[in-house]
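Geometric and topological summary
One letter stands for each residue in the lines below.
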Amino acid sequence: MDKVVIVMPTYKEKDNIERMITELFEKEFPKIRNVSMHLLVVNDLPSDGGPDDGTGDIVKKYAKKFDNLHIIEDKKQGLGWAYVRGMKYAMERLHADAVMEMDADFQHPPRFVAPMVAAYLDGADYAIGSRYIKGGSVPKEWAMHRKAVSFFGNLFIRIALVKPKIHDLTTGFRLTRVKGVLDKIKLNELMELSRFAYKVDLLYQSIKNSKKVVEVPLEFAPRTEEVSKFSMQEMVSTFKVAIILGIKDKQRFIKYGAVGLIGYAINAVGLEVFYRLGFSTGVAAAIGAEFAIVSNFILNNFWTFKEEKITSLAKVVSKFVQFNLSSVGAVVIQAIVVAVGTGIFGVGTRQIMLIIAVGFFVIPYNYAMYNLFIWKTWKVPALEKIQKLLG
Ligand code: GDD
Ligand code: MN
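Residues numbered from 1 in each chain as written. Chains lettered and ligands numbered in written order. Predicted model: local features only at pLDDT ≥ 70, side-chain atom pairs only at ≥ 80, totals over all residues. Heavy atoms only, no water.

In the nomenclature of an unreviewed UniProt entry, the chain is known as Glycosyltransferase 2-like domain-containing protein. Under the Sequence similarities (unreviewed entry) heading, UniProt states for the chain: "Belongs to the glycosyltransferase 2 family." Among the UniProt annotations of the chain, the heading Subcellular location (unreviewed entry) holds the following wording: "Membrane". (UniProt positions renumbered as here; feature names shortened; annotations may be inferred.)

Below, the structure is given as structure tokens:
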């Protein structure tokens, strides 16, 4: 049976934690079949050694009653660090198959745990409790400006990260599969771990590692007790993370473009050199093209796709063969576009057609082939079998 661990950070939540524990263990967990549900409270104590409100004592009392209730405590270092400690504990000590992020203050109503787990059992690698899809909502009580900040903040991150299909990127209610997703993430290295903004980095990496991402409706409730710890500073740091990730995300494409330009230069020089050495233009062009392919392969492997670098000799050979075949595809595509284009608009448009062919067809085609089949950075369930087959 799979084990799902809810990691719940708490900082001065004595007014919420007791009811949260009893609701989860007595009302919600019994409803969930085929999964062993655990709750791990990551309680932080004031960093200045000041008085603690007793949240930890309440949890410890209940941990005697419920076997699946765990607690770890430390001095407060911020929300991200609390999650890092909790997620590591859940993976390494509790051997979780999936980890959930959840607040203790009932803004994530416990009744939404079951549908998240159901999504996981249905094959989701990453389930996002979403306020901005049908069935989800933000509190009616929220003032207009609060709603606007949340909505436009989300929209901004969505655009910066180019994630049009995900509607809620800042939600704190999520479920992540451990194997292949969470266990691949270097948690210690997430950005802005002392703040809420680490959530955006974690989301970005989790989506990257996931084959199946689903959004599950969440009715975000108003906070019942005390005040929220979210602030203007938190928002600024969230935007900062989104912008950095957004640029990083495009960096790969920029590097790919640079490699392509270098390849073009090598191709041109090769054509010239081998033609002058006495080869026919066709042969000289082919040799130049192959040199460019070799350069593209090496530079992309060690630079553009350095995180996915292919190193073993056998794999380099087989991937290089695939790379060549994929390049043949590009040549064919280019020939077809130019032939069809000039067929329609006349031979006079051949240079324009070449630009169209390269710009709109070859560049995206190659980029997709590299990401899908050569370095396999894009996870597409429908292509999973082929991706595996290609090694
Ligand atoms: N251990 C620990 N350490 N827990 C913390 C810390 C910390 O430094 N800071 C906050 N928490 C706990 C709180 O006790 C609560 O259980 C949870 O983290 C969320 O804190 P809130 O202060 O209630 O956050 P919020 O309601 O403003 O923010 C919510 O919405 C954000 C944006 O929509 C959260 O769900 C965020 O995760 C979410 O990003
Ligand atoms: Mn809250």
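1. Here's the deal with the environment of His95
Following the sequence through the fold, His95 ends up in the loop between helix 3 (79-92) and strand 4 (98-101). Here the alpha-carbon distance between His95 and Lys306, two residues 211 residues apart in the chain, equals 31 Å. With residues up to four places along the chain from it excluded, the contact list for His95 reads Lys3 and Ala90. (Helix = DSSP H or I, 4+ residues; strand = E, 2+ residues; numbered from the N terminus. Contact = heavy atoms within 4.5 Å.)

2. Some remarks on a positive patch on the surface
Taken together, Lys179, Lys184, Lys379 and Lys388 make up a surface patch of like positive charges. Secondary-structure assignment places Lys388 in helix 11 (residues 384-389). (Patch = residues over 30% accessible without salt bridge, like charges linked within 9 Å, V, L, I, M, F, W, Y side chains within 5 Å. Areas by Shrake-Rupley, 256 points an atom, 1.4 Å probe, with all protein chains shown as cover. Salt bridge = Lys/Arg side-chain N within 4 Å of Asp/Glu carboxyl O. Lys, Arg positive; Asp, Glu negative; His and termini not counted. Charge placed at Lys NZ, Arg CZ, Asp CG, Glu CD.)

3. Some thoughts on the coordination of the manganese ion (ligand 2)
Only Asp105 (OD) and Gln107 (OE1) from the protein reach the manganese ion (ligand 2) as donors, at distances of 2.0 Å. Taking relative accessible area as the criterion, Gln107 reaches 8% and is therefore assigned buried. (Donors = N, O, S within 2.8 Å, 3.2 Å for Na, K, Ca; no water. Buried < 20%, exposed > 50% of the residue type's maximum accessible area, 1.4 Å probe, protein only.)

4. Focus: helix 6 (residues 198-209)
Compared with the 16 Å implied by 1.5 Å per residue over twelve residues, the 17 Å span of helix 6 between its first and last C-alpha is a close match. Most of helix 6 sits out of view: nine of its twelve residues are buried. Restricting attention to buried positions, one finds in helix 6 the residues Tyr198, Lys199, Val200, Asp201, Leu202, Leu203, Tyr204, Ser206 and Ile207. (Expected span 1.5 Å × (residues − 1).)

5. Observations concerning the sheet that holds strand 1 (residues 2-10)
Strand order in this open sheet of seven strands is 3-2-1-4-6-5-7, and the pairing throughout is mixed. Each edge of the open sheet is held by one strand with a lone partner, namely strand 3 (69-75) and strand 7 (213-217). Adjacent strand axes in the sheet meet at a mean angle of 20°, parallel and antiparallel pairs treated alike. As paired elements, strand 2 (residues 35-45) and strand 3 share seven bridges and run parallel to each other. Its bridge partner lying in strand 3, Leu40 is registered against His70. Contacting strand 1, strand 2, strand 4, strand 5 (126-130), strand 6 (174-177) and strand 7, helix 4 (residues 113-121) crosses the sheet at an angle of about 25° to strand 6. Here helix 6 sits on the sheet and contacts strand 4, strand 5, strand 6 and strand 7; the angle it forms with strand 5, its principal contact strand, is near 140°. (Pairing = 2+ DSSP bridges. Axes fitted to C-alpha atoms, helices over the stretch in contact; angles between N-to-C directions.)

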